[in-house]
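# A structural walkthrough
Take a look at the letters that make up each chain.
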Amino acid sequence: MSSKLTRLDRLAVLAGARTPQAKSFGALADITAVALGMHATEMALAKAKLAPKDVDELVIGNVASPPDSANIARVIALGSQIPPERIAHTVNRNCASGMEAIIGGWLAIQTGRAEIVVAGGTESMSRIPLLFSEAAKQKLLAAGRSKSLMQRIRAYARLRMSDLKPVLGVELGLTDPSCGMNMGETAELLAEEFAITRDAQDAFALNSHRKAVAAGNRCFLSGEIAPLIVNGQELRLDVGPRAQQSLAQLARLEPIFRRDGTVTAGNSCPLTDGATSLVICREGYLGAKHAAKPLGFVSDYAIAGCDPRRMGLGPVYATAKLLKQTGLKLGDFDLIEINEAFAAQVLACVKASASKSFATERLGLNAALGEIDPEKLNINGGAIALGHPVGTSGARLVLTLLRALRERGLKRGLATLCVGGGQGYAMMVESE
């Protein structure tokens, strides 16, 4: 099958906004994914100086589809006062859903279906349902079908205490059905294969917190966060970054995926709630109908598949494809964002990118992709500190990266993330 892509016109990002992000079952636990998505959408449109009626289409990434909002994008669109004759759809590519939404909007614009699109992601991991076991379900269904009180009593009498133990929907969602490993176990595999120590992982995690705290202190992150009123109080910043985090604290945490492992809650991203929206259009549309200077541009992307057991290496595979498409080298990017699902996973990507043997054996290349300069990588912290609302993160990476390029007067950035199930996504963005 040909891997050649039709060249797309450069995509302009007019503006973007996101909610604060908070660890699940915490500050945002009472706010639905719909409400989070509406807030991000409304604030992004306000930043772009556009009204809901100006939107032709809305595309939202979401992984844990709420049972009461099957096509959550449509619910968000209508709740945001986007006219009902405009269209909306939801996409799911696991952790890359936010990027997939951008590509969905880009294609809608490229084919002439839309001129202005809102694309992004929303996720309330707090509200992923608890499920019944199959045995409990069958007994409850039997009770529901009972035609008499006595039949119903007999059906309920067959229930056992073990039937009442809930099945964690989030645990199922974070376990790959093809290899039977949860995402943390895949990180342990990479830590072992790439000889990534516990100390290296904890140091990386500490650095993520320090950079995120510094970005918050200099008010960089507040430039993209649209504050939310939660229980009568205004939440203005992400809840995750910890100014007092220390290596000693991280070292005390026990491994959570393997008894003799190195991956802990401290060097992994937390389950997170949050939403991000971007207002996008064709670059040529700007001069014709919109006077605002764009935040930046999306100019290319690549998606790659890899071994689900090593899904954390997805960014390396996707970046290799992107470099081949563009003719660029890794050193041509001024800033790089690799989503921090796990410290071990990001560090494995850094090592794999610099490895000639990995390039020849796994990528079919004659030379390594190149060294990733730590001074260019996740300069404002990453998901270990900021959180990883799975349907949202792809769009959040693009928003943060474009703003970081503009802040520093730089030109080109790479946003990439691993995808549960064994895929990688890489996106090239540019700033004027």
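Criteria and thresholds
- Residues numbered from 1 in each chain as written.
- Predicted model: local features only at pLDDT ≥ 70, side-chain atom pairs only at ≥ 80, totals over all residues.
- Heavy atoms only, no water.
- Helix = DSSP H or I, 4+ residues; strand = E, 2+ residues; numbered from the N terminus.
- Buried < 20%, exposed > 50% of the residue type's maximum accessible area, 1.4 Å probe, protein only.
- Pairing = 2+ DSSP bridges.
- Core = buried A, V, L, I, M, F, W, Y, C linked by side-chain atoms within 4.5 Å.
- Contact = heavy atoms within 4.5 Å.

One non-glycine residue, Cys219, adopts positive backbone phi at about 65°. By the element assignment, Cys219 lies in the loop between helix 8 (198–217) and strand 8 (228–230). For Asn231, which is not glycine, the phi dihedral falls at a positive 50°. Asn231 sits in the exposed class, given a relative accessible area of 68%.

With respect to burial, strand 11 (residues 296–305) is a largely interior element, eight of its ten residues being buried. Where strand 1 (residues 11–18) lies against strand 11, three bridges are found, and the strand directions are antiparallel. Looking at strand 11, one finds that Val13 is bridged to Gly296. Pairing geometry for strand 11 and strand 14 (residues 423–430), over eight bridges, is antiparallel. Directly across from Ile303, in strand 14, lies its bridge partner Tyr425.

The subject of this paragraph is the nonpolar core. One finds Met99, Ile280, Val298, Val398, Tyr425, Met427 and Val429 to be the most contacted residues of the largest nonpolar core, which totals 43 residues. With residues up to four places along the chain from it excluded, the contact list for Met427 reads Met99, Ile102, Ile103, Val298, Asp300, Tyr301, Leu322, Val398, Gly413, Leu414 and Ala415. Core analysis: the second largest hydrophobic core is formed by 39 residues, Phe204, Leu206, Ile338 and Cys349 among them.

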